[in-house]
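One-letter residues, chain by chain:
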Protein chains: 2
Amino acid sequence: MPGHFTLLQTDRATAARRGRLATRHGVVETPIFMPVGTQGTVKAVTPAHLREIGAQIILGNTYHLNLRPGSELIRELGGLHRFMGWDGPILTDSGGFQVFSLAKLRRVRNEGITFQSHLDGTTLFLGPREVMTIQHNLGSDVAMVLDECPPWPCKHDHCAKAVERSARWARECLAAASETGAVAAGQLVFAIVQGSTFDDLRRAAAEELAALEFAGFAVGGVSVGEPEPEMFRQVAATTPHLPADRPRYAMGLGSPPQLLRMIALGVDMFDCVMPTRVARNGLVFTPDGPLNLRNEQFRADPRPVVEGLDNYTCRHFSRAYLRHLSLANEMLAGTLLTIHNLHFYLDLMAQARAHLEAGDFAAWHRAWIERYEAGLAARRAAARPPETS
Amino acid sequence: MPGHFTLLQTDRATAARRGRLATRHGVVETPIFMPVGTQGTVKAVTPAHLREIGAQIILGNTYHLNLRPGSELIRELGGLHRFMGWDGPILTDSGGFQVFSLAKLRRVRNEGITFQSHLDGTTLFLGPREVMTIQHNLGSDVAMVLDECPPWPCKHDHCAKAVERSARWARECLAAASETGAVAAGQLVFAIVQGSTFDDLRRAAAEELAALEFAGFAVGGVSVGEPEPEMFRQVAATTPHLPADRPRYAMGLGSPPQLLRMIALGVDMFDCVMPTRVARNGLVFTPDGPLNLRNEQFRADPRPVVEGLDNYTCRHFSRAYLRHLSLANEMLAGTLLTIHNLHFYLDLMAQARAHLEAGDFAAWHRAWIERYEAGLAARRAAARPPETS
């Protein structure tokens, strides 16, 4: 393997890691959160906003971009970076998850998946070669393999078949990425470990994939409806079987405390639509838990969302103003709250990196989570109607 | 009158003027276009975007802001500038136009207007004192008087009554603005000349209002459905009767050629929702007329909206990308196209000012309009189905 990932430091008290991922569009300091740019834009913000808040790497979505505007068109226009005006690293997922969750599924075979577009019903096919060709067309820096994400809950034998098929597709994706010239051109290919809640399947999948020449490994099939302790258990059952010298990515996660707990389990990379999606509904993150700015209590609140947090939204606007924008359904509400929420996540990752470097990550992350969850609990208690005697 | 307006230059070949309006939040170079910020935000863009594209003064809306979040709340929070994070000049309209167009009208009397909120049906009253108190609460730099905008077409006697009532309200608004301390605090009060398509009424209204201590004069009741030549005729019937040493503002106008023609008739200030509203539907302005970026012809167009125009959108994004965003209903489409369209309007005003200074405004504005309208005509011809023989 090329030395694209440098493990700078491993925490003594937890499995947390401080690392550095080199891509052809720049270096990513880990642990890192990756804002999600499904359709060639992180919703409601400009690339300049993303730069301002310290985004290092963003996501693109193979399924969506292939349906609209099409990966061939994006290639013609110079690739996804140029198309969307983002010159930093981009990771694209394979589209498998969206095929299983959004499209009308027709048939899953070893060759790939036949499905109907959620946009216009067209029948389409995605196999290992197709997803790697699309990601090569997009020119992403990190490409994900096609996988089959079993639902939760699922039976052991059903899951075993999904894991087996995912491993076959992973090998075929790696081969396809070599054949298209993507690997030679510097695209990193990450495998995805499935296995649902079965430790034996997770371990076997991790070991099988770890033996191959993947540039990184994702923990897939988490946060698909299972209880939170089960989710952590699945990550904990996976990371010890992954090579220490390659980055680990937990897909589609999660709340701020979940991210910190995952870092403590040895995860390096995260993506999640939550900070962007909830922003568009008036929800903002703070060190004392999330706030719903649409609540009456913020009507005349002159304070910023988070005092002292250095982003455009917190520097210039009051909670009262942001509440007004959100209630009036002004687009600017989505923009300003997305800037804040993404910055909050990115800043949290920067803090985690700093505390890993300082050697006090374990105590810091426990205290951070405690404060966050205490704030959340207090607000929940206040919202509950008083008990009748 | 204080010397808040300086007439720097008057064009020799047209009635166009180059001026400078001093407000308590800064100087405005005229002719100028004012982006519309109805609900305390210019839709889809941040104040930083507005600064970047050279916005000098923006609009706020008395009717909307008084309904939500309320002008008292905005006053409590330090005024509209601080509330919305814009420290440049703000002009607020009186809300009269919105009461007539949006609200369910209950009764118009000499005392004011009783109406129902379009948001929740609450019965409310706006009179001269109310609109000036609201605008004082908002702390805008330029306040507009309450007026009655007659519909088009309307009868002479109906219109005469609206003009008479508007003149009465204008006097009462001026008195109210003195009593509240707004005038002493530096708020400029502009009168509005009504009169529909009746030259005698326009002239009488202009002369009556010009005799009072107003800081500026608006031409109201234009672009309310009348044919375009009629609109120009109304402006031409009004401006000669207004004092040369005070700014003139044509309300709610218009297309780029309309703005240039109005400048040639002696108008200094404009506002219009068009550039922001059409941006959210994929329409962009160019020197060769407007383009609908959603059209198939832009599918793979790698060019910026306008080659060489120095705004964020034109510097970084292709028509193909903007088309994709607009078709995918991404919020960023609204943001990027709004940035472009507003910059296009502001840049057009900057060009007009430069050509006034250079002394070649008349020839330049004719050539500009000719190119724009030729492009528009060519596209219309191309879109028309071929004639059958």
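For the structure itself, consult the block above.
Predicted model only: the values in this text are computed from it and were never measured.

Enquirer: I'd like a description of empty space enclosed by the protein, backed by residues and values.
Expert: Summary: where empty space remains is shown by rolling a probe the size of a single water molecule over the atoms. The final tally for this structure, using the stated rule, is 3 cavities of 30 Å³ or more. Forming the boundary of the largest cavity are A:Tyr321, A:Leu332, B:Gly40, B:Thr41, B:Val42, B:Val45, B:Thr46, B:Pro47, B:Leu50 and B:Met84. Looking at the lining of the largest cavity residue by residue, the classes come out as 7 nonpolar, 3 polar and no charged.

Enquirer: If you had to explain the environment of B:Glu148 to someone new, which residues and values would you point to?
Expert: Residues and elements named next belong to chain B. Within the secondary structure layout, Glu-148 lies in the loop between strand E11 (142–144) and helix H7 (156–179). For Glu-148, the residues in contact, after removing those within four places along its chain, are Phe-100, Val-108, Ala-162, Arg-165, Ser-166, Trp-169 and Gln-194. One polar contact links Glu-148 to Arg-165, side chain to side chain, over a distance of 3.0 Å.

Enquirer: How would you sum up the relation of the copies chain B and chain A? Please name residues and give values.
Expert: Superposing chain B onto chain A requires a rotation of 180° together with a translation of 0.0 Å along the rotation axis, leaving an RMSD of 0.0 Å. With respect to symmetry, the two chain copies, as superposed, fit the operation of a two-fold axis. In terms of C-alpha distance to the rotation axis, chain B has B:Met331 as its closest residue, with the C-alpha 3.6 Å off the axis. Mapped onto chain A, 97% of the interface residues of chain B again fall at the interface, so both copies present the same surface.

Enquirer: If you had to explain helix H6 (residues 128–138) of chain A to someone new, which residues and values would you point to?
Expert: Residues of H6(A) that are buried: A:Pro128, A:Val131, A:Met132, A:Ile134, A:Gln135, A:Asn137 and A:Leu138. Phi turns positive, to about 75°, at A:Gly139, one or two residues after H6(A).

Enquirer: I'd like a rundown of helix H15 (residues 361–383) of chain A, residues and numbers included.
Expert: Residue and element names in this part refer to chain A. Between its terminal C-alpha atoms H15 stretches 33 Å, which fits the 33 Å expected from 23 residues at 1.5 Å a residue. By the burial criterion, the buried members of H15 are Phe-361, Ala-362, Trp-364, His-365, Trp-368, Ile-369, Tyr-372, Gly-375 and Leu-376. Buried residues in H15 make contact with helix H10 (256–264) and helix H14 (331–358).

Quick notes on the rules
- Residues numbered from 1 in each chain as written.
- Chains lettered and ligands numbered in written order.
- Predicted model: local features only at pLDDT ≥ 70, side-chain atom pairs only at ≥ 80, totals over all residues.
- Heavy atoms only, no water.
- 1 Å grid on protein atoms, 1.4 Å probe; cavity = no way out; pocket = protein on both sides within 12 Å on 5 of 7 lines; lining within 4 Å.
- Points joined across faces, edges and corners; volume = space filled by probe spheres on them.
- Nonpolar A, V, L, I, M, F, W, Y, C, P; charged D, E, K, R; others polar.
- Helix = DSSP H or I, 4+ residues; strand = E, 2+ residues; numbered from the N terminus.
- Contact = heavy atoms within 4.5 Å.
- Polar contact = N/O pair within 3.5 Å; in protein donor to acceptor, adjacent residues only side chain to side chain.
- Least-squares fit on C-alpha atoms with pLDDT ≥ 70 in both.
- Buried < 20%, exposed > 50% of the residue type's maximum accessible area, 1.4 Å probe, protein only.
- Expected span 1.5 Å × (residues − 1).

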